[in-house]
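In case you want the letters, here they are:
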Amino acid sequence: QVQLVESGGGLVQTGGSLRLSCAASGRTFSMYDMGWFRQAPGKEREFVAAISWSGGNTYYASSVKGRFTISRDNAKSTVYLQMNSLKPEDTAVYYCAAGRLPYRNPIATIPHDQHEYDYWGQGTQVTVSS
């Protein structure tokens, strides 16, 4: 049984920073792409960032590019999301997700497609005050 546990959310002022972590267990972490998604109140869940199983490819939504950085530590089975220059519109519940297929070819990956992922964490709240 795969488990994903997010942490690091909280309340921060505009312009501040947070680092989210997602600890994975239950299968070989290093074989799978990982992603971060978010859902604001009244809105659909949306793609934020993704990283390939090797860490060699990263992908970002245009709304966070240049402010957020995704990374992974395969030895710790953990994926991170460093969020800088936070804005009120970044307020949402943030979810990490584990890729559906092992050793996914980056050419074939559609990182923003939620169907690429088959396990999801419970989410962590990020609130950015203005």
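Our subject is the structure that appears above.
Please read all numbers here as calculations on a predicted model, not as lab measurements. (Residues numbered from 1 in each chain as written. Predicted model: local features only at pLDDT ≥ 70, side-chain atom pairs only at ≥ 80, totals over all residues. Heavy atoms only, no water.)

Explanation requested: the state of the cysteines in the structure shown.
Each disulfide consists of a covalent bond between the sulfur atoms of two cysteine residues. Counted under the stated rule, the structure contains 1 disulfide. Between the sulfur of cysteine 22 and that of cysteine 96 lies a disulfide, 1.9 Å long from S to S. Linking cysteine 22 in strand β3 (residues 18-25) with cysteine 96 in strand β9 (residues 92-102), this pair joins segments that are 74 residues apart in sequence. Like cysteine 22, the residue cysteine 96 is buried in the burial classification. (Disulfide = S-S within 2.5 Å. Helix = DSSP H or I, 4+ residues; strand = E, 2+ residues; numbered from the N terminus. Buried < 20%, exposed > 50% of the residue type's maximum accessible area, 1.4 Å probe, protein only.)

What should I look at first to understand the pattern of salt bridges in this one?
Two side chains with opposite charge may pair up if their charged atoms get near one another. By the definition in use, this model includes 5 salt bridges. For aspartate 90, the salt bridge identified is with arginine 38, shortest N-O distance 2.9 Å. Note that aspartate 90 is positioned in the loop between β8 (78-83) and β9 and arginine 38 in strand β4 (residues 32-39), a separation of 52 residues in sequence. Each member of the pair aspartate 90 and arginine 38 is classed as buried. Across the pair aspartate 90 and arginine 67 runs a salt bridge, and its minimum N-O distance is 2.7 Å. Taken together, the residues aspartate 90 in the loop between β8 and β9 and arginine 67 in the loop between β6 (58-60) and β7 (68-73) connect sequence positions 23 residues apart. (Salt bridge = Lys/Arg side-chain N within 4 Å of Asp/Glu carboxyl O.)

What's the story with the nonpolar core in this structure? I'm lost.
Looking at soluble globular proteins, one finds that nonpolar side chains tend to be buried together. The biggest cluster of nonpolar side chains holds 33 residues, and the ones touching the most others in it are Trp36, Leu81, Met83 and Tyr94. At the level of elements, β3, β4, β5 (46-51), β7, β8, β9 and β11 (124-129) are the ones that each hand at least two residues to this core. When neighbours within four sequence positions are excluded, tyrosine 94 is seen to be in contact with Glu6, Leu20, Trp36, Phe37, Arg38, Val48, Phe68, Leu81, Met83, Gly123, Thr124 and Val126. (Core = buried A, V, L, I, M, F, W, Y, C linked by side-chain atoms within 4.5 Å. Contact = heavy atoms within 4.5 Å.)

Explain the side chain of aspartate 33 here, please?
Structurally, aspartate 33 can be placed in strand β4. Buried charge without a salt bridge: aspartate 33, with arginine 72 as the nearest opposite-charge side chain at an N-O distance of 5.3 Å. At a separation of 2.8 Å, a polar atom in the side chain of aspartate 33 contacts the main-chain amide nitrogen of tryptophan 53. Setting aside residues up to four positions removed in sequence, aspartate 33 forms contacts with Ile51, Ser52, Trp53, Arg72, Ala97, Ala98, Gly99, Arg104 and Thr109. (Lys, Arg positive; Asp, Glu negative; His and termini not counted. Polar contact = N/O pair within 3.5 Å; in protein donor to acceptor, adjacent residues only side chain to side chain.)

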